[in-house]
Each structure stands twice: as structure tokens, then as C-alpha cells.
Amino acid sequence: MKTFTNVKDLGDLKQALSEAASVKQNRFACKHLGENKTLMMVFFNSSLRTRLSTQKAALNLSMNTIVLDINQGAWKLETERGVIMDGDKPEHILEAIPVMGSYCDVIGVRSFAQFERKSDDYTEKILNQFIRYSGKPVFSMESATVHPLQAFADLITIEEYKKKERPKVVLTWAPHPRALPQAVPNSFADFMNEAEVEFVITHPEGYELDEQFVRGARVEYDQRKAFANADFIYAKNWSAYADPYYGQILSKDMNWTVDTAKMALTNNAYFMHCLPVRRNMIVTDDVIESPQSIVIPEAANREISAQVVLMRILREQ
Ligand code: CP
């Protein structure tokens with residue numbers, strides 16, 4: 001594996017899930033695989049889970065890890081070619097990336113959508129420059145449009161908790177005070193469309209996601225109808241994708257908050273969220289603290305998804 005940005009990079013999904021189960025049984029079985037190899041994790045944006053789980057996965061494989069927070073202590077980076085660099089950005093990303101690549105064997109990049117130009121975000125301008133200029137395998141740790149390590153961990157979690165061969169999985173939009181990227185729902189849809197699940201997306205009108213991720217999945221605008229007989233409820237906020245409202249908040253309708261009454265419509269569904277979560281906006285205290293909430297094991301599986309990806313990268317080096 002040279003890059004990890006989407007479900008197709010994993011190849012046979014059943015095989016990937018089987019590898020995840022093996023890692024979970026013994027995460028130190030391949031503890032020599034990463035000896036004398038260095039993972040560089042580059043953060044343009046904040047993180048708790050991705051930072052810790054990916055580092056832990058690398059440590060399980062005896063990799064060295066370097067963590068660089070671009071906005072804390074590194075030179076500010078210019079990302080546009082052709083600019084006269086007489087402002088506050090003393091380094092160009094086109095030098096910085098190959099320099100970073102020279103110090104490591106694998107690079108993870110976190111770089112959120114900027115919401116300045118949709119075309120920059122949806123061509124993954126920053127991530128693709130790392131892929132092109134670092135000379136090293138690169139994986140997304142949530143980039144402008146995708147969060148595949150999260151979606152893979154979500155699928156691992158669904159596989160562990162499902163009670164039937166083909167569970168009903170509902171991705172529901174929920175309100176949030178700030179404009180958030182579409183990366184998590186995009187990747188969740190990308191993975192669910194390849195998994196053995198009945199996949200339904202529910203959101204208010206105007207919040208349609210990019211068809212390259214939705215791929216014809218059922219979209220139900222009535223959240224209550226969508227919740228009927230669901231086995232898993234996956235809540236997430238996202239801002240508008242469609243033009244001319246890209247990156248904007250169209251609604252903060254608290255009627256979309258996941259609460260006990262809505263969960264009662266489901267087949268005693270498990271509640272999932274990638275975290276961090278805004279309580280009593282996205283989900284009520286009662287639901288996230290209920291026995292059906294699996295947000296903590298879901299987050300714990302981030303270590304497993306990261307380890308499977310790192311193992312695949314290391315085996316091809
Ligand atoms: N879910 C997730 O990626 O969490 P962090 O933003 O804390 O890494």
C-alpha cells in the first residue's frame with residue numbers, strides 16, 4: 001500500500017477486517033515490522049484520537065514517531081505556487097514536503113477543508129502535494145474530503161457489534177454551531193457502500209453529499225422514517241456541499257438532535273459518533289451515556305485501523 005485515502009486502497013474488505021481482528025487479538029504479533037522505520041505525523045489541524053491512536057499503532061510495530069504541528073513551532077507554509085513570498089509565510093510547502101520526506105519512511109497528514117475554494121478542497125490540494133513530492137507512502141489522517149482511518153475503525157466496530165448478517169446502518173446529520181467539513185460522512189459513506197449493510201443517509205434538504213461518495217445510497221429526508229428498525233445510528237454534522245452554499249451552515253434545527261425518543265424508533269440500535277461530539281446538539285446526554293452508545297470502543301478501534309494500514313505500508317517497503 002502506497003497511499004490510504006479511500007476504501008478501495010484496502011482491496012478485499014473482508015480480508016482487511018480479518019487482519020483487523022487478528023491485530024485486535026494480538027497487537028504485538030508483528031512488533032518487529034517497524035523497527036528502524038520512522039512515521040512522521042503532520043498536523044495542520046487539532047486532534048486527540050488520531051494523534052494518539054496512530055502513534056500507539058506505530059509503537060505497537062516498534063516504529064519511531066515524529067509529530068509535527070504545523071501551527072505550533074513550525075514555519076508558516078505558503079501553499080500557492082507563483083506568489084511573491086513577502087508576507088508572513090517564510091517557507092513554501094514545495095520545499096517543506098520533500099524535506100519532511102527525507103526524515104521518515106511513512107507520512108500521515110491531517111489537513112482539513114479550508115472552505116475557501118471548493119476545487120482546492122475536493123482535489124485534496126494539500127494531501128496530494130504530500131503524495132506527489134514527499135517520495136514516501138502517505139495516508140490521510142483526515143484531509144479535506146476524507147477520513148478513511150475513522151471510517152475503517154467504524155466498519156470494524158460495526159462488524160464487532162452487529163447481530164445480523166446485513167444490519168441497517170443510518171448516517172444522520174445533526175446540528176452543530178460551526179461549519180464542519182464533509183470528510184467524516186464522505187468516508188463513512190464510501191466504506192458503507194462497500195460493506196455488507198443496508199445503508200441509509202438522512203439529512204435536511206440542502207445537505208446532500210458528493211455523489212462520488214453517496215453512490216446511489218438511499219437518502220431519506222424524514223429522519224424518523226430513516227431511524228425505523230435501524231441497527232446502528234451514526235450521527236455527524238456536516239456543512240453544505242452543493243453550490244452555491246459550499247461550506248455553509250443551512251440549518252441548526254435542534255429537531256435533528258439524536259434523542260431517546262428517536263432511538264426508540266430503532267431496532268435497539270447502537271449509537272456511534274467519531275468524536276469529539278457536542279452534547280445536546282448532536283446527541284443528548286441520555287443517549288451517549290446509554291448502554292447502546294459504543295463511541296468509546298469505536299474510538300479505541302482507531303488504533304486497530306491505523307495499525308492495519310501501517311502494517312500494509314511497511315510490508316510493501
Ligand atoms: N475522530 C477523530 O478523528 O478525532 P480527532 O479529531 O480527535 O483526531
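Here, the structure is the one placed above.
Residues numbered from 1 in each chain as written. Predicted model: local features only at pLDDT ≥ 70, side-chain atom pairs only at ≥ 80, totals over all residues. Heavy atoms only, no water.

A. Spotlight on the side chain of Lys168. By the element assignment, Lys168 lies in strand 8 (residues 168-173). Glu198 provides the closest opposite charge to the buried, unpaired Lys168, separated from it by 4.7 Å. In this structure the side chain of Lys168 is engaged in a polar contact, spanning 2.6 Å, whose partner is the backbone oxygen of Ala228. When sequence neighbours within four positions are dropped, the list of residues in contact with Lys168 reads Glu198, Val200, Arg218, Lys225, Ala226, Ala228, Asn229, Ala230, Asp231 and Phe232. (Helix = DSSP H or I, 4+ residues; strand = E, 2+ residues; numbered from the N terminus. Buried < 20%, exposed > 50% of the residue type's maximum accessible area, 1.4 Å probe, protein only. Lys, Arg positive; Asp, Glu negative; His and termini not counted. Salt bridge = Lys/Arg side-chain N within 4 Å of Asp/Glu carboxyl O. Polar contact = N/O pair within 3.5 Å; in protein donor to acceptor, adjacent residues only side chain to side chain. Contact = heavy atoms within 4.5 Å.)

B. Focus on the nonpolar core. Counting 64 residues, the largest nonpolar core has Phe4, Phe139, Phe152, Phe191, Met192, Phe199 and Leu310 as its most contacted members. The biggest single contributor to this core is helix 12 (residues 295-315), with eight residues. Both domains that meet at this core, namely domain 1 (3-146 + 302-315) and domain 2 (149-299), each give it at least three residues. In contact with Phe191, other than residues within four places in its own chain, are Phe4, Asn6, Val7, Leu10, Leu13, Pro148, Ala151, Phe152 and Leu155. Counting residues in hydrophobic clusters, the runner-up holds 19 residues, among them Ile233, Phe271, Ile288 and Ala299. (Core = buried A, V, L, I, M, F, W, Y, C linked by side-chain atoms within 4.5 Å. Domains from an automatic or database assignment.)

C. How the structure looks around the packing of aromatic side chains. All chains considered together, the criterion is met by twelve aromatic pairs. On the basis of an interplanar angle of 80° and a centroid distance of 6.0 Å, the ring pair of Tyr122 and Tyr246 is categorised as edge-to-face. Highlighted residues: Tyr122 in helix 4 (residues 118-122) and Tyr246 in the loop between strand 11 (232-236) and helix 10 (260-263), separated in sequence by 124 residues. A relative accessible area of 17% places Tyr122 in the buried class. Summarising the aromatic geometry, the rings of Phe188 and Phe199 are spaced 6.0 Å apart at their centres and angled 70° between planes, so their arrangement reads as edge-to-face. Of this pair, Phe188 sits in helix 7 (residues 183-192) while Phe199 sits in strand 9 (residues 198-202), placing them eleven residues apart in sequence. With respect to class, Phe188 is no different from Phe199; both count as buried. Sitting above the plane of the Phe43 ring, Arg51 keeps its charged end 4.4 Å from the centroid. The ring of Tyr241 has Lys118 lying over it, and the distance from NZ or CZ to the ring centre is 3.7 Å. (Phe/Tyr/Trp six-rings, centres within 6.5 Å; stacked < 30°, edge-to-face > 60°. Lys NZ or Arg CZ within 6 Å of the ring centre and 35° of its normal.)

Keep in mind these numbers describe shape, not what the thing actually does.
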